[in-house]
Structure formats: C-alpha cells, structure tokens
Amino acid sequence: MQEVAGPGPVLLLEPFYGGSHKQLMDLLVQDSDWTLWTLPCKKWHWRSRTSALVYSQNLPRDHHYRVLFCSSVLNLCELVALRPDLAGLKKVLYFHENQLVYPRQKPQNRDFQYGYNQILSCLVADQVVFNSRFNLDSFVGSVRSFLNQIPDYKPQDLESKIRSKSRVLYFPLDLPQVEPFLPEHKRQRRPQVQSPQQSEDPDQGPDQGPDQGPDPVRPLHIVWPHRWEHDKDPALLFWVLLRLKDRGLDFRVSVLGERFSEEPEVFAESRDLLGDHVLHWGFVQSKDEFYKVLAESDLVLSTAKHEFYGVSMLESVHCGCFPLVPDSLVYPEIFPVQYRFRTPAQLLKKLTRFCKRPELVDMSRFSWATLKPQFLDLLSAPVSSPLPAPVSPDKQEQHLSEDGQTLGGKTP
C-alpha cells in the first residue's frame, strides 16, 4: 500500500520501527512531505548489526535529500561509508537509549560492538540529539571508561568532540484527550503544575494535601506499564507488592507493558501469589484501552534500573496517575522530589501510607505541540546547501521485507 506525495528534502531512517521509535517517526512524517524508510521492530541486535548494509542496498542513488535523520540503532558510520552520496547530507542522530550504560545481568554478556557503533555514529553525525540530559551525560561521560576496554591504542579526546555537537531535545508526546476515560474524582480534581525545581521538600506536595482524602470504597490502584525485562527491575515491583499484601493492605495492581518470548521468572511466580489483587495482566494492544486502564489507576510506579526517558510514565501522569519513581536515572529531570524514592524500604513506606488522592502534574512541556518547532528547526536543510532538482517525482515510505525486498508504504 502506498500514498504518493510530493518529495521533501528530509530522509528519515528507522531500523527498529516500533514503540517510541515508531511514535517519533510518525510524528515527524505527519503533515510533511518527507521520506521514511523503516524496518520491522524485531531482532533488535540484528537490526543494529546489519541495517546499514540493508539500507545501503535499497535507498535510491538518485535523490534530492539534504537532511538525514536516524535513530542510534543504525550504524550511521557504516551507512555513509557504504553510500558516499549520503555523506554530504546534514546528518542528525537521535538517541532514544544508549548502550554504554545499559545494565546487564552479567557484565561479561555486554557486547562491546553495540556501544562502539554508537560512538562511531556520533563521530560522523553533524548533530547528536538525546531525549534527556541523563541520556546525554551518561553516554558522553562513559565514553572514556567504555573505550578503556580496548587493550591498546586507545582512542583519545572523543568526549569533547561528541559533546560539542550534542544537545537535548525531549521526546515529544502526542497526548490524547483522556477526559472520556477519567473517573469522576479525577475530572473534578484541578491540575497542579510543577517542575523538578518546585516543591523540593519531600514532606510537602500532593501526597500530603489535606483536601485529597481517599475514597473509602475504592482500594488504591497501582499500575506498572513497562517492558517485562530485567532492566525494569520487576523483582523490586513484586517484592513491594507482596509486602503490601502481607501487611493486609487493600490495593489493586495492573501489570502492563510489552512481553517477550523470554521474560523474568518472577512474573509467573508472583502472579499466583498476588491473586485477587491483580486487575490487569499483560500487554494491552489497543491504545484506547491502555489509556483507559491508566485513567482508572491512581498511582503509576517505576522500579527501573535503566531509563532514559519513560514515555509510559508521562502518559500515565497525563491520565491523572500519581507517579512514584527512583531518585536516579532520568527521573530527577522530570519529577519533583516528592515523587521519588531512594531505597526499597522508602518505596514500601510511601506505598504503605499512600491513602491520599494524587495531583496531576503538567506534561505540556513534553507535548508534540511544544516540541514540534524545535524538531522542524533541527531538520531544516543547511542554508549553504542548494536544493538539488528532484530526480524522482514520487517518493514513498518504504518497508523492507525479511528477504530484503521492498514493500510499499507511504509518506504523508
């Protein structure tokens, strides 16, 4: 299937077209005449290893592009080496996550090549964009120690080269109107706009408000909307939930998020132990149903050991959930101190006493409407580079099948 549109100067490449990677690309191509090439979001490791070669063989050689935008899954260095005609474009590399600080269950399992590819991609890019300050600082700050794994002839002074071309541009959220999904008590609550620079007293804030009394009928509804993988620390989630159960506290929990063929055993072990406390279990395919569950929840919890942004946390807050997050990673950039915990014991204490209604936190600074002008400026063509005459009258979004054949798509 294809939809013909006028050709634009921006080439968008996403070798892992799913989740937040897909959300960003869809926002960028809507209402534009840019060209998007994607690969399916499976077998991430192979996409990282081979997508540059796949793109080099399928991208048109006669083109009018002036800007190339891609995620850091793509080895940009390999692509421009294989396709010198793309080397002269303004190349923008976007980091949803970085491989230098990704937590591994066993350090010896870390594949050096993934992080190394990201470093090389930064060196050939003209601009490097991170979705949070934590993502940028953790990546650049880890370059030296990461490269110290090389036994000899270690590269030098790469941190300053990468940082000088790097910036933070938050991932844009295209948040829906959720009022139809909100229960009555959330509709009546007035939002309180705060930022990490406000309410720095952990004993002040929404969870201490005297006018936010609990509903004596409804038990607290906790939602955990994250990937079912070890880096989201499900062990801590179920540890605290089972402690709440042991204390005889009334609560309900929805464990959402994407599931994979291999998942930590703690999920299956804890499901039966939690029994009737579980309201929802597993991935919600429909986005409307997902937002409905979030709107019905009172508190959204993150136990992550690895997070560079946290789209589902912000979506949950947009739906009126009170957030509880670790006091680390990207979270201090986004959430004031009263929403954060430092230790499992502190998390347990907060949840145990949590009987007050949550306050809404304003998410407008992360919205697509706010961030769109910055993305458009980022992807503007270089002034000094004249726009070549288009060679092909029609450009379309391309999807590559597993056997390397080109499938039809669309470019808005």
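Residues numbered from 1 in each chain as written. Predicted model: local features only at pLDDT ≥ 70, side-chain atom pairs only at ≥ 80, totals over all residues. Heavy atoms only, no water.

Our next topic: the sheet that holds strand β8 (residues 251-256). Hydrogen bonds between backbone atoms are what pair the strands of a sheet, whose relative direction is either parallel or antiparallel. One open sheet accounts for six strands, arranged β9-β8-β7-β10-β11-β12; its pairing is parallel. A single partner strand is all that each edge strand has here, and the edge strands are β9 (278-281) and β12 (340-341). Here β8 pairs with β9 via three bridges, running parallel. Across the sheet, Val253 pairs through a bridge with Val278, a residue of β9. Where helix α9 (residues 265-274) meets the sheet, it contacts β7 (220-225), β8 and β9, and its direction lies at approximately 150 degrees from that of β9. (Pairing = 2+ DSSP bridges. Helix = DSSP H or I, 4+ residues; strand = E, 2+ residues; numbered from the N terminus. Contact = heavy atoms within 4.5 Å. Axes fitted to C-alpha atoms, helices over the stretch in contact; angles between N-to-C directions.)

Look at helix α4 (residues 112-124) against helix α5 (residues 133-147): their axes get within 11 Å of each other, and the N-to-C directions meet at 125 degrees. If you check the angle between α4 and α5, you find them oblique. In the crossing of α4 with α5, the sense of the turn from one axis to the other is left-handed. Here α4 contributes Phe112, Gly115, Tyr116, Gln118, Ile119 and Cys122 to the contact with α5, which in turn contributes Phe139, Val143, Phe146 and Leu147. (Parallel < 35°, antiparallel > 145°, perpendicular 65-115°, else oblique. Left-handed = near helix turned anticlockwise from the far one by under 90°.)

For the rest of this paragraph, the subject is the state of the cysteines. Inspection of the entire model under this criterion finds zero disulfides. The closest cysteine sulfur to the non-disulfide-bonded Cys319 is located on Cys321, 6.6 Å from its own sulfur. (Disulfide = S-S within 2.5 Å.)

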